[in-house]
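Structural overview
Here's the letter readout for the chains.
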Amino acid sequence: MGMEEINKLQSIVDESDNIVFFGGAGVSTESGIPDFRSVDGLYNQKYKYPPETIISHSFYRRNPEEFYRFYKDKMLFPEAKPNKAHMKLAELEAAGKLKAVITQNIDGLHQMAGSRRVIELHGSVHRNYCERCHKFYDLRYVIDAPGVPKCSCGGTIKPDVVLYEEGLNNQDIEDAIHYISEADTLIIGGTSLVVYPAAGLIRYFRGRHLVVINMSPTQSDREADLLITDKIGSVLDQIHV
Ligand SMILES: [Zn+2]
């Protein structure tokens, strides 16, 4: 990334007080959380099914033991800490410049960094509910439970994570559309925007500046008035609030 791109991003941030950030897996990779969609091949030795099959609603119903073996092994990172991207976004919100973070990640790192308005399109590993009595359980309980975590009532505990074959939460979609359609600047970071319907939300943006920061090409590059091909944390770290 060149200084010219950073300067342009800085001036966009300087003149905006209604920024919305839309982020994906790339925001968390700098915290050591891999994008499991991009490393599919790694699991073939250890699991009989591709991740998309295991992390699906029907597989969870049929085979919760195998679901939880994969989920605990590959999708939970209790030691992960927020990185420079999470920290800067929290700073921008505290300064009144950023209105919402919309994320496809389920790791809770934005809240850990201090972000308050976070729309988690795919849910969160930090929220888990008994399917029978709806009692809440935290991440630690799920990790410490052997095999399939069970509630004190005997019901099975399900993570509040949107599995394949499941729809997004309607309130989350409405909130995301609200913030995107009102924003004057939309920064898309760390996502190739292939996951639908999340990708479709971008179409609601009518503001002045569309910024895309990603390591690889995205579907929105053509419409972006600023495209930075680099790690989101390294880019945002250079922006002054
Ligand atoms: Zn229960």
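What you see is a predicted model, and the numbers here were worked out from it, not measured in a lab.

Quick look at the coordination of the zinc ion
Protein-derived coordination of the zinc ion comes from Cys130 (SG), Cys133 (SG), Cys151 (SG) and Cys153 (SG), at a distance range of 2.2 to 2.3 Å. The site at the zinc ion holds 4 donor atoms, and with the angles between them running 102 to 119°, its shape is tetrahedral. Mapping the donors of the zinc ion onto the primary sequence yields the spacing C-x2-C-x17-C-x1-C.

Some thoughts on the sheet that holds strand E3 (residues 118-120)
Overall, parallel pairing links the 6 strands, which are arranged E3-E2-E1-E7-E8-E9 in an open sheet. In this open sheet, the two edge strands, each paired with only one partner strand, are E3 and strand E9 (226-228). Between one strand axis and the next, the sheet turns by 15° as a mean value, whatever way the strands run. Pairing of strand E1 (residues 19-23) with strand E7 (residues 185-189), which is carried by 5 bridges, proceeds in the parallel orientation.

Some words on the packing of aromatic side chains
By the definition in use, this model includes 9 aromatic pairs. Where Phe67 meets Tyr68, the ring centres are 5.2 Å apart and the plane angle is 90°; that geometry is what we call edge-to-face. In this pair, the class of Phe67 matches that of Tyr68, namely buried. With centroids separated by 4.4 Å and ring planes inclined at 35°, the aromatic side chains of Tyr137 and Tyr141 adopt a geometry described as tilted. We classify Tyr137 as buried; its relative accessible area is 7%. Three or more aromatic residues joined by ring pairs form one cluster here, namely Tyr60, Phe67, Tyr68 and Tyr71. Just above the ring of Tyr60 sits the side chain of Lys158; from NZ or CZ to the centre is 5.5 Å.

Parameters and conventions
Residues numbered from 1 in each chain as written. Predicted model: local features only at pLDDT ≥ 70, side-chain atom pairs only at ≥ 80, totals over all residues. Heavy atoms only, no water. Donors = N, O, S within 2.8 Å, 3.2 Å for Na, K, Ca; no water. Tetrahedral: all angles 85-135°; square planar, octahedral: opposite > 155°, others 65-115°. Pairing = 2+ DSSP bridges. Helix = DSSP H or I, 4+ residues; strand = E, 2+ residues; numbered from the N terminus. Axes fitted to C-alpha atoms, helices over the stretch in contact; angles between N-to-C directions. Phe/Tyr/Trp six-rings, centres within 6.5 Å; stacked < 30°, edge-to-face > 60°. Buried < 20%, exposed > 50% of the residue type's maximum accessible area, 1.4 Å probe, protein only. Lys NZ or Arg CZ within 6 Å of the ring centre and 35° of its normal.

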